[in-house]
Structures are given as structure tokens and as C-alpha cells.
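# Analysis of the macromolecular model
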Amino acid sequence: MNNTPASQNSFYMPQLDGLRALAVASVAFSHWVTSDYHFGLPWGTAGVQLFFVLSGFLITGILLRCREYGDWTFAARAFYARRFLRIFPLFYAVLLTCAVLNIKPVRDTFLWHVSYLSNFYFVWNQGWDGPISHFWSLAVEEQFYLFWPVLILCVPARHIRSSILALIATGIASRFLLPLIFPEVRLLSVLPNSNFDALGLGSLLAFINTREMKHSPVRWFIAGVPLYIALFGLRQLGFHQVPFHKATEHLAMLISFTWLIDAASKGFEGPVKKLLQFSPLLYLGRISYGLYVLHNFAGFPVRVIAIAFGTPELNSGLSGIALKTLVTIGGASMSWHFFEAPLNAAKKKFPYKKN
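Backbone geometry places Asn102, a non-glycine residue, at a positive phi of 60°. Looking at the secondary structure, you find Asn102 in the loop between helix H3 (72-100) and helix H4 (110-114). With a phi close to 65°, Leu187 is a non-glycine residue in the positive phi region. Residue classification places Leu187 among the buried residues on the basis of a relative accessible area of 13%.

Structural data, given as C-alpha cells:
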């Protein structure tokens, strides 16, 4: 997630910060509100997948620009240094704090998470594990970073498109085929290859946007919106047992997100612009990484507050959601201003281009 302000980044696209804020709100909603009020919508999945498409778009866009600078080893070192400064400090700080406070099950599974293998742990465990369940998506991103930057920086230009298409095809094949091959295994969707379609579609969008095209093929991706609505409606009517319905619905959602990100990167107009560039939403988008990492732990301080005031009802219902929201935004704000932003400023020491 690149939350660099406009003053520091000439490629800053403000409406993408608005999308980040909506994505993290969707994930938090899925964790804080009981499924009775989800109305059949995959709030958590949608938020995470929107993050993945965004990540593929922004990261690949950076890497494609770095190719123009010529020195790929210099660019790769800069990329990994900047990713380290942006992602590792907060994640490891939270992980170590949880271990010191003996928040279960962090101490027992510490090595899985510290090595960014949370997603493999959940598949091996065949279930989620408390407040660290959202760590799987951070693991997928880091596993993607292990090979994608080197591939995009090194592969001959004529093979970039085919590499991106192969990434998307791997993700789609994994979503459609793995449940058939391993029907007894749960949580296959958290494996890295099962999310290459989202990351790949974002990468494809970045690739297309580097080309001079009179009519971008991405404009047709808006067809994913009515397709997703139709498939969602069929699921609500009980037709979700049709073979590959779930995987097709997921793919339609990703196509919709690709169109949405493309439109937001170019800039919506009218009411959508006012929403996505609403100042509080932009701020939440800027601190979205902290919001995402911290939101699943908000229940602990809220319980402490409820016990301290002798009002256990504060820990549930709308009051519980409101308190968790305040605690998460407060914690993420302090993390951003006093911890993340100073480290983020150090990224200028690692430019992608010499001189």
C-alpha cells in the first residue's frame, strides 16, 4: 500500500486513497458486525481483494517506470528498502506487542507470522485463529513481492504482458480447480496463488495504462458490475450450487474492481468525486495500513473500557462498533504521525533512479 501524500509523489492519485478507506471499512465491518447483518455480501473478501488489485496496480506501475531508468539492480534494491520501511516496522511492532502481552495465539504461532507465512498456517490449521486472522493477506502481499519485482524488472519487454497474463491465469485456475482437487481442504483461498488473479488484474491495468491506446480495453471491464450483481442475485435465490458459481462470482468482482480502480486513478467526476475525495476519507486512506493492521485488536481495549466503567454493554452492539472505530482510528493516527510517517520519510534515501 503506497500512502505517499501528493507533495511527495507526482504520481499520487487521491481517489485511490478514498478507495483504500472504503476497503478497510469493509474488512472492519465484516469482523465487527455479525453475519446476520452482512446481507449475503462478502464484505471482508471484497475489501481484501480491492486492496490486492490496488496493490498490483500501484506496485507494477512503479516497476514499469523503474524499467525506464535502466539499472534494474539499483531499482530492485530501492524497491525492497522502501517496502521494508513501509510495511515491516508496524507489523513487527504489533506482533511483538501481542507476544509480550501473551495475546493468544500469537506466542504459540509467532514464527509463522514473523516469517510472513500466516496464510499457510491457517490452511495447515484448517481454521482462523483469533485477532490475527487478517495477517493472511499481509503474508500474501509479501510472498508476491518476493518474485514479482525481479520478474518485471528483468524479463524482456516483449514478455511482460504474457507474464502478467500467466499470473492472472494461475489465480483463476487456482480458484476454479483447487476446490475440486482438494474438496476436503478449507481456506484454499488464502494461498498466494489463489490471489494472483487480483494482483495480476491490477498489474494488467498498470501495463495497459503505460500504452498509448485510443480506446483502452479496461473500459469494457465495467461489464463485471452487472455480471456480479446477476450472480449475487442468483446466489440469493438459491442457485449458488451451480458448478463454479462461487469462482465466477469472485472473478466478476475482481473485474469490477479493476474498472473501478482505473476510473478512480483517472478521476471520477460529480458525486463520486466528492465522496472519494472527501477530506476525512482521504485521511483514513492515508493511514489505511495502520487501520488494517490494528482493527482486529480493537476489541481488547474496548473490553478494558467496558470493565472499567462497569458497563459490559459497551462491548457489544452499536456502542461496541463505535468504540472499536474510535480506538482503531486513534491508534492508527498515532501510529502514522509518530511512527510510520517518520520512517516513510526515510524512503527518500532510496530513490528508484540514480541522481
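Next comes the rest of the write-up.
Where helix H2 (residues 43-67) meets helix H8 (residues 196-209), the closest approach of the two axes is 7 Å, and the angle between their N-to-C directions is 40°. With respect to H8, the axis of H2 lies oblique. Seen along the crossing, H2 lies across H8 with a hand that is right-handed. On H8, the residues that touch Gln49, Phe52, Val53, Ser55, Gly56, Phe57, Thr60, Gly61 and Leu64 of H2 are Ala198, Leu199, Gly202, Ser203, Leu205, Ala206, Phe207 and Asn209. Tallied by class, residues from the contact of H2 with H8 come to nine nonpolar, eight polar and no charged.

Approximately 1,400 Å³ is the volume found for the largest pocket. As for the largest pocket, its lining consists of 46 residues, and the residues nearest its centre are Thr45, Arg175, Ser189, Lys246 and His250. Those elements giving two or more residues to the lining of the largest pocket turn out to be helix H1 (14-32), H2, helix H7 (160-181), helix H9 (224-236) and helix H10 (245-266). In terms of residue class, the lining of the largest pocket is made up of 24 nonpolar, 17 polar and five charged.

Our focus in this paragraph is a nonpolar patch on the surface. A contiguous nonpolar surface patch, about 480 Å² in accessible area, is contributed by Leu177, Leu180, Ile181, Phe182 and Phe244. If you trace the backbone, Phe182 turns up in the loop between H7 and H8.

A word on helix H6 (residues 135-154). One turn of an α-helix holds 3.6 residues; hence residues three or four places apart share an orientation. When the terminal C-alpha atoms of H6 are compared, their 30 Å separation across 20 residues agrees well with the 28 Å that a helix rising 1.5 Å per residue should span. At Tyr145, H6 is bent by approximately 35°, the largest bend along its length, and proline Pro149 sits one to four residues beyond. Across the 20 residues that make up H6, a large majority, 15, are buried.

Rules used in this analysis
Residues numbered from 1 in each chain as written. Predicted model: local features only at pLDDT ≥ 70, side-chain atom pairs only at ≥ 80, totals over all residues. Heavy atoms only, no water. Helix = DSSP H or I, 4+ residues; strand = E, 2+ residues; numbered from the N terminus. Buried < 20%, exposed > 50% of the residue type's maximum accessible area, 1.4 Å probe, protein only. Axes fitted to C-alpha atoms, helices over the stretch in contact; angles between N-to-C directions. Parallel < 35°, antiparallel > 145°, perpendicular 65-115°, else oblique. Left-handed = near helix turned anticlockwise from the far one by under 90°. Contact = heavy atoms within 4.5 Å. Nonpolar A, V, L, I, M, F, W, Y, C, P; charged D, E, K, R; others polar. 1 Å grid on protein atoms, 1.4 Å probe; cavity = no way out; pocket = protein on both sides within 12 Å on 5 of 7 lines; lining within 4 Å. Points joined across faces, edges and corners; volume = space filled by probe spheres on them. Patch = residues over 30% accessible without salt bridge, like charges linked within 9 Å, V, L, I, M, F, W, Y side chains within 5 Å. Areas by Shrake-Rupley, 256 points an atom, 1.4 Å probe, with all protein chains shown as cover. Salt bridge = Lys/Arg side-chain N within 4 Å of Asp/Glu carboxyl O. Expected span 1.5 Å × (residues − 1). Bend = angle between axes of the 7 residues up to and from the residue.

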